[in-house]
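Remarks on the overall topology
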Amino acid sequence: MYRIRMMNIPLRLSVGRVAVVACALCWLPAGTVHAWAQEDKAGSDKEKAAAKAAEKPADKLALPPLPADAHTQQTIELNGKTLHYTVTVGALPVRDKDGKAVGEVVVTSYTMDGKDRPVTFAMNGGPGASSVYLNFGAIGPKHLQAGNDGDSPSDPTVLKDNPGTWLDFTDLVFIDPVGTGFSRSLVPEAEAKKQFYSTEPDIEYLSRVIYDWLVKNDRLESRKYLVGESYGGFRGPRVTYFLQSQLGVAMNGVVLVSPYLNPTIERDGDLSPLPWMVTLPSITAANLERQKKLTPQAMQDTISYTMGEYATTLIKGRSDPAAMDRMIQKVTEMTGLDPAFVKYSGGRLETGAYLREVYREQGKLGSVYDSNVTSFDPFPFAPEQRANDPILAAMIAPMTTAMVNFITQTVGWKVDARYNALSYDVNRLWERDNELRSGSVPQLRQAVAADPKLRILIVHGWNDLSCPFMGSVLTVDQMPVMGDPTRVAVREFPGGHMFYTRESSRAELRKDVMEMYSKH
């Protein structure tokens, strides 16, 4: 799903500027290196023994084996029709280059009988997020109400038929990367980092999971699609290109939901206007929504101002004081923020500062995923935000409870393990390498260039500050037109990072995706 403001923010250690986190979420800040923590060369016997034990191979037998695949039959009432479908939960092995099993990836599949049905593979982000958010929040046949203002972590976990599901026009396969959900590594932590917790190994084994599922289920000839959210949106173009160029599996289309696509766009905010161009429209959208004035035309006007006068004024800087004064006044009007706050920010609105400022008088915090979703700030006098993100704080518990009950009780896949809707361990272990910092736009361009029929739909919520929609707008505008210019499209909806928690936005997403699927 997202990145937690602490999770999908791999490239900066502050909560400022543009959040680059995964739906589930964002990145957690990398661990601090303490110079005083260097070990004495000799070390104590106890420390040596602990280090030696950590190097020992994991004993596979210490982990109870995962169950065989489990199945159950269910129905959903959709548009006046009763659909019968099969739910399957099971694990696929991940093997190293020598063929040894080093991990197990659990997938949840929803399939229906029917000729020539497409199949769609879904994954969330983090890194460290399971696929429960896309499953129960967005496109699966069951929906759990969570992620909106006023939702509570102790709300009943009642699954209802999802009118926004994609199941009537495609089978659905939800993938939990290693360390998330019930998926697990079978090797020690140091080896797991090499096998799973960095950019290229992550893309390669997840691509192989898709390939293996297709082979196992005799679906290589099916039309194939991929949907990835947040850091899953980072994975999307890379998995598509790897499947296409290395494993010989071509996707028909890709849906990127609030993707973490292009980290380089947020660099050098002292000189470049781009970081501030990315955040201003989403902050404005939240203010328009609070005033009940949020419309497509209002947002188009916002985008036009951002790409025009706002950008040129920032570039001119102090050389044109009159233009700066006009810009400060305009930004104040657009955002509804305190004039002094905007003035002393220079019209450059840092995400972390904004989320504390916008509801400060009420003693609340706005969520980086949708600043109109709030919670009380338990540390209002701290210089920086110390509390968890409001949406994540309310969402993890109900999503976890609902998924564990569904898998173990409804489907009957009995497993003795913890379910990780969002794993902080995975995020902690993740290697923030140069490949991660380079984003996924090169792979997106190459995949589209190689297949003249491939279609890409990039979807965002207007209020999202973890992966703001403007970043994708600017990125796609700089791509060359390769055939049909609508093959790569950006679409925005009311809401935030998980805009699909709003039923109306979820319904509009369904319509757009159905249209895309009908074209290829």
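Per the secondary structure count, the chain includes 16 helices and 14 strands. The burial tally for the chain puts 58% of its 520 residues in the buried class.

Attention shifts here to unusual backbone geometry. In this chain, G126 is followed by P127 through a cis amide linkage whose omega measures -10 degrees. Looking at where P127 falls in the secondary structure, it is placed in the loop between strand 4 (119–123) and helix 2 (132–139). Phi at N79 takes a positive value of approximately 50 degrees, unusual for a residue other than glycine. Within the secondary structure, N79 sits in the loop between strand 1 (70–78) and strand 2 (81–95).

Attention now goes to the confidence of the model for the chain. Chain-level pLDDT for the chain is 89 on average; 88% of the residues reach the 70-or-more range. Under a pLDDT of 50 for its full length, residues 1–44 has, in the predicted model, 218 contacts with residues more than four places off or in other chains. Low pLDDT (under 50) marks residues 46–51, which in the prediction has 2 contacts with non-local residues, meaning those over four places away or in another chain.

Once that is clear, we can look at helix 15 (residues 469–477). Judged by how many residues are buried, helix 15 sits mostly within the fold: 8 of 9 residues are covered. Looking only at helix 15, the buried set comprises F469, M470, G471, S472, V473, L474, T475 and V476.

In this section: the nonpolar core. Membership of the largest hydrophobic core comes to 94 residues, with the highest contact counts inside it found for Y110, Y133, F136, W166, Y310 and W413. When neighbours within four sequence positions are excluded, W413 is seen to be in contact with L66, P67, A68, D69, A70, V89, G90, V106, F182, I407 and T408. The next biggest cluster of nonpolar side chains, apart from the first, holds 49 residues, and it includes V119, V178, F196 and V441.

On to the pattern of salt bridges. Applying the stated criterion across every chain, the model contains 21 salt bridges. The salt bridge involving D161 is made with K142; its shortest N-O contact spans 2.7 Å. Taken together, the positions of D161 in strand 6 (residues 160–161) and K142 in strand 5 (residues 142–143) put the pair 19 residues apart, joining distant regions of the chain. Its salt-bridge partner being K519, residue E515 comes within 3.6 Å of it at the nearest N-O pair. Of this pair, E515 and K519 both sit in helix 16 (residues 503–519), separated by 4 residues, roughly a single helical turn. E515 gets classed as partly exposed once you look at its relative accessible area, which sits at 45%.

In this section: helix 6 (residues 274–290). With 17 residues, helix 6 extends 26 Å from end C-alpha to end C-alpha; this agrees with the ideal 24 Å at 1.5 Å per step. Among the 17 residues of helix 6, 15 are classified as buried, and the element is accordingly described as predominantly covered. Positive backbone phi, at 60 degrees, marks K292, one or two positions downstream of helix 6.

A word on the packing of helix 6 against helix 7 (residues 296–316). One way to put it is that helix 6 packs onto helix 7 with a least axis distance of 10 Å and a crossing angle of 140 degrees. Between helix 6 and helix 7 the crossing geometry is right-handed. Each of W276, M277, L280, P281, T284, A285 and L288 in helix 6 lies in contact with helix 7, whose residues at this interface are A298, M299, T302, Y305, T306, M307, Y310, A311 and L314. Across the contact of helix 6 with helix 7, the residue classes tally to 13 nonpolar, 3 polar and no charged.

What follows covers the packing of aromatic side chains. Inspection of every chain in the model, using the stated rule, returns 21 aromatic pairs. Measuring from ring centre to ring centre gives 5.2 Å for F196 and Y205, while their planes differ by 80 degrees; the resulting arrangement is edge-to-face. Note on F196: relative accessible area 1%, which makes it buried. Ring geometry for Y225 and Y517: centres 3.7 Å apart, planes at 10 degrees, overall stacked. Pair noted here: Y225 is in strand 9 (residues 224–229) and Y517 is in helix 16, with a separation of 292 residues, a long-range link.

Definitions and cut-offs
Here, residues in each chain are numbered from 1, in the same order as that chain's written sequence. Under the rules for a predicted model, residues below a pLDDT of 70 receive no local features and side-chain atom pairs below 80 are neither given nor counted, while totals for whole chains, interfaces and linings still include all residues. For the side-chain quantities, the full set of heavy atoms in the structure was used; hydrogens and water were omitted. Only DSSP runs of H or I covering at least 4 residues are called helices, and only runs of E covering at least 2 are called strands; the numbering of each starts at the N terminus. Only protein chains enter the accessibility calculation, which uses a 1.4 Å probe. A residue is then buried if its area is under 20% of the maximum for its type, exposed if over 50%, and partly exposed in between. What pLDDT reports is the predictor's confidence in each residue, on a scale of 0 through 100. By the convention used here, residues are in contact when the closest approach between their heavy atoms is within 4.5 Å. Think of a nonpolar core as a cluster: buried Ala, Val, Leu, Ile, Met, Phe, Trp, Tyr and Cys residues, connected wherever their side-chain atoms sit within 4.5 Å. Criterion for a salt bridge: a side-chain nitrogen of Lys or Arg within 4 Å of a carboxyl oxygen of Asp or Glu. Every helix has an expected span of 1.5 Å times one less than the residues it contains. All axes here are fitted lines through C-alpha atoms, helices being fitted over the stretch that makes contact, and every angle between N-to-C directions spans 0 to 180 degrees. In this scheme the crossing of two helices becomes right-handed for a clockwise turn of the near helix relative to the far one and left-handed for an anticlockwise turn of less than a right angle. In this classification, the charged set is Asp, Glu, Lys and Arg, the nonpolar set is Ala, Val, Leu, Ile, Met, Phe, Trp, Tyr, Cys and Pro, and all remaining amino acids, among them Gly, are polar. Note on ring pairs: Phe, Tyr and Trp rings are taken, using the six-membered ring of Trp, and paired if centres are within 6.5 Å. Classes follow the plane angle, with under 30 degrees stacked, over 60 edge-to-face and the rest tilted.

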